[in-house]
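Secondary and tertiary structure notes
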Amino acid sequence: MLQYNIVMQNERGFVQMTLEDLSNIIEHKINQNKDFIKFTFYELRVKHNLSEDDSNIAIKLIKQKLSNYGYNVYLTGQKYIYNSIEKIPYNDVALVLGTSKYLYDGRVNMYFKFRMDAAYELYKNGKIKFILVSGDNRHISYNEPRQMRLDLIRRGVDKKHIFLDFAGFRTRDSIIRANKVFSLTNFTIVSQPFHNERAILIARQKNIKAIGYNARNVRKLYRIRQFPREIGARVLMIFDIIFNKPPKFYGDNIIIEEQKELANKNSNKIDKNKFK
């Protein structure tokens, strides 16, 4: 058995998680469902309050122990997700997943800010050339893609390099539309770690060769509040995969590299007959 010290945090502060503690967590999972055991990076980071490095250590130990029990172990998501601007490969296009800029109390949503920062970081460092912002456009006073475009321009992104998808109502819609409407087969998804895990799984299940770039995460208190919603989203994702749910809308095909000016005009045209 590999020997590691893993540090977790509880209400009393930082304490050491022993290998026995981790074994008990694994045993509990096995008792819940003997045939299919699932651990997520987000679960370790938030539920068990592990640092990113310690979460990676825990995943190695989990993999080893389950292999010893005779399980076939598959790691998804993490090998396609990057935290380092130096290590992430180049793609022509980054897909930035939308969220509201402001919270209900008027404060800036840090999920939004950090995603814009990450997208600009990729652009500034030559890791992408174009940015596709995809989000909800439910009514005139709520428009995620336009707000993202404005904030990216303020950061220094050339407006000719930004394209808008107004029908990214859900993560699944954004990813499938990037492939079917914008003809992208390889692209970089930009969001927070927990969101990228789900997004990459959706993309890879559809044979889309996407990778993820992790935006900075928000403070732990806000991540904990997000946890129940993310669990629900992941359950819904499984049903979407089983029933092969299409996006709400498709639309006119747009080739980002070849139709720079036309893309922004056409990206909001929706053809409800183009369901697949």
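Here, every reference points to the structure presented above.
Given the structure is predicted, the values throughout are model-derived calculations rather than measurements. Numbering of residues starts from 1 in every chain and runs along the sequence as written. Predicted model: local features are reported for residues with pLDDT of at least 70 only, side-chain atom pairs are reported and counted for 80 or more only, and whole-chain, interface and lining totals are derived from all residues. As a rule here, side-chain values cover all heavy atoms of the structure and leave hydrogens and water aside.

**Section: the overall build of the protein**
Broken down by element type, the protein carries nine helices and eight strands. Exposed residues in this analysis have more than 50% of their type's maximum accessible area, buried residues have under 20%, and partly exposed residues fall in between, with area computed by a 1.4 Å probe over protein chains only. In the protein, buried positions account for 48% of the 276 residues. Calculation of accessible area relied on Shrake-Rupley with a 1.4 Å probe; when residues are assessed, cover is drawn exclusively from the protein chains displayed. With the model as given, the accessible surface of the protein reaches about 14900 Å², and the carbon-plus-sulfur share is 51%. Secondary structure is summarised from DSSP: a helix means a run of H or I of at least four residues, a strand means a run of E of at least two, and numbering begins at the N terminus for each.

**Remarks on the nonpolar core**
Grouped together as the largest cluster of nonpolar side chains are 27 residues, with contacts concentrated most on V96, L122, I131, V133 and L152. Put simply, the parts of the chain that give this core at least two residues each are β4 (93-97), α4 (110-124), β5 (130-134), α5 (144-155), β6 (162-165) and β8 (211-214). The leading source of residues in this core is α4, at eight residues. In this structure, I175, A178, F182 and A199 belong to the second largest nonpolar core, which totals 25 residues. Side-chain atoms within 4.5 Å are what join buried Ala, Val, Leu, Ile, Met, Phe, Trp, Tyr and Cys residues into a set we call a nonpolar core.

**Describing the sheet that holds strand β7 (residues 188-191)**
Strand order in the open sheet formed by six strands is β3-β8-β7-β4-β5-β6, and the pairing between neighbours is parallel. Here the strands that pair on one side only, and so sit at the sheet edges, are β3 (81-82) and β6. When DSSP finds two or more bridges between two strands, those strands count as paired. Alignment of β4 against β5, held across five bridges, turns out to be parallel. Residue pairing across strands places V96 opposite V133, the latter belonging to β5. Seen against the sheet, α5 touches β4, β5 and β6 and runs at an angle of roughly 165 degrees to β6. In what follows, residue pairs with any heavy atoms lying within 4.5 Å of each other are defined as contacts. Lines fitted to C-alpha atoms define the axes here, with helix axes fitted over just the stretch in contact, and angles between the N-to-C directions of these axes take values from 0 to 180 degrees. Helix α6 (residues 171-180) rests against β4, β5, β6 and β7 of the sheet, and its axis sits at about 160 degrees to β4.

**Focus: the packing of helix α1 (residues 19-32) against helix α3 (residues 52-68)**
Where α1 contacts α3, the two axes come as close as 11 Å, and the packing angle between them is 60 degrees. Compared by their axis directions, α1 and α3 come out oblique. As for the relative orientation of α1 and α3, their crossing is right-handed in sense. From α1, L19, L22, S23, I26, E27 and I30 reach across to α3, where they touch A58, L61, I62, K65 and L66. Here the contact of α1 with α3 is composed, by residue class, of eight nonpolar, one polar and two charged. Any angle that falls under 35 degrees is termed roughly parallel, while one over 145 is termed roughly antiparallel, one within 65 to 115 roughly perpendicular, and all others oblique. Crossing handedness is read from the near helix: turned anticlockwise from the far helix by less than a right angle, it gives a left-handed crossing, and turned clockwise, a right-handed one. Each residue receives one of three labels: charged for Asp, Glu, Lys and Arg, nonpolar for Ala, Val, Leu, Ile, Met, Phe, Trp, Tyr, Cys and Pro, and polar for the others, Gly being one of them.

**Comments concerning the packing of aromatic side chains**
Only the six-membered ring of Trp is used, alongside the rings of Phe and Tyr, when aromatic pairs are assigned; centres must lie within 6.5 Å, and planes under 30 degrees apart are stacked while those over 60 apart are edge-to-face, with the rest tilted. Considering all chains together, one arrives at three aromatic pairs under this definition. Both rings, one in F169 and one in F249, keep their centres 6.0 Å apart while their planes meet at 65 degrees; by these two values the pair is edge-to-face. With F169 in the loop between β6 and α6 and F249 in the loop between α8 (220-243) and α9 (260-266), the pair connects residues that are 80 residues apart, well separated along the chain. Its relative accessible area of 14% is what places F249 among the buried residues.

**So, the pattern of salt bridges**
Take a side-chain nitrogen of Lys or Arg and a carboxyl oxygen of Asp or Glu: if they are within 4 Å of each other, that pair is a salt bridge. Summed over all chains, the structure comprises eight salt bridges. With its nearest N and O atoms 3.2 Å apart, the salt bridge here joins D151 to R154. On the criterion of helical spacing, the pair formed by D151 and R154 is a turn pair, its members being three residues apart in helix α5. We classify R154 as exposed; its relative accessible area is 60%. One salt bridge in this structure joins R155 and D151, with 3.7 Å as the shortest N-O distance. A residue pair is termed a helical-turn pair when its members lie 3 or 4 positions apart in one helix, as R155 and D151 do in helix α5 at four residues. What makes R155 partly exposed here is its relative accessible area of 22%. Residue classification places D151 among the buried positions, given a relative accessible area of 6%.

**Some details on the packing of α6 against helix α7 (residues 193-205)**
Two numbers describe how α6 lies on α7: the axes approach to 10 Å, and their chain directions differ by 45 degrees. Taken as axis vectors, α6 and α7 run oblique relative to one another. As for the relative orientation of α6 and α7, their crossing is right-handed in sense. Taken together, the residues of α7 that come into contact with α6 (itself represented by T171, R172 and I175) are H195, R198, A199, I202, A203 and Q205.

These figures come from the coordinates and say nothing about function on their own.
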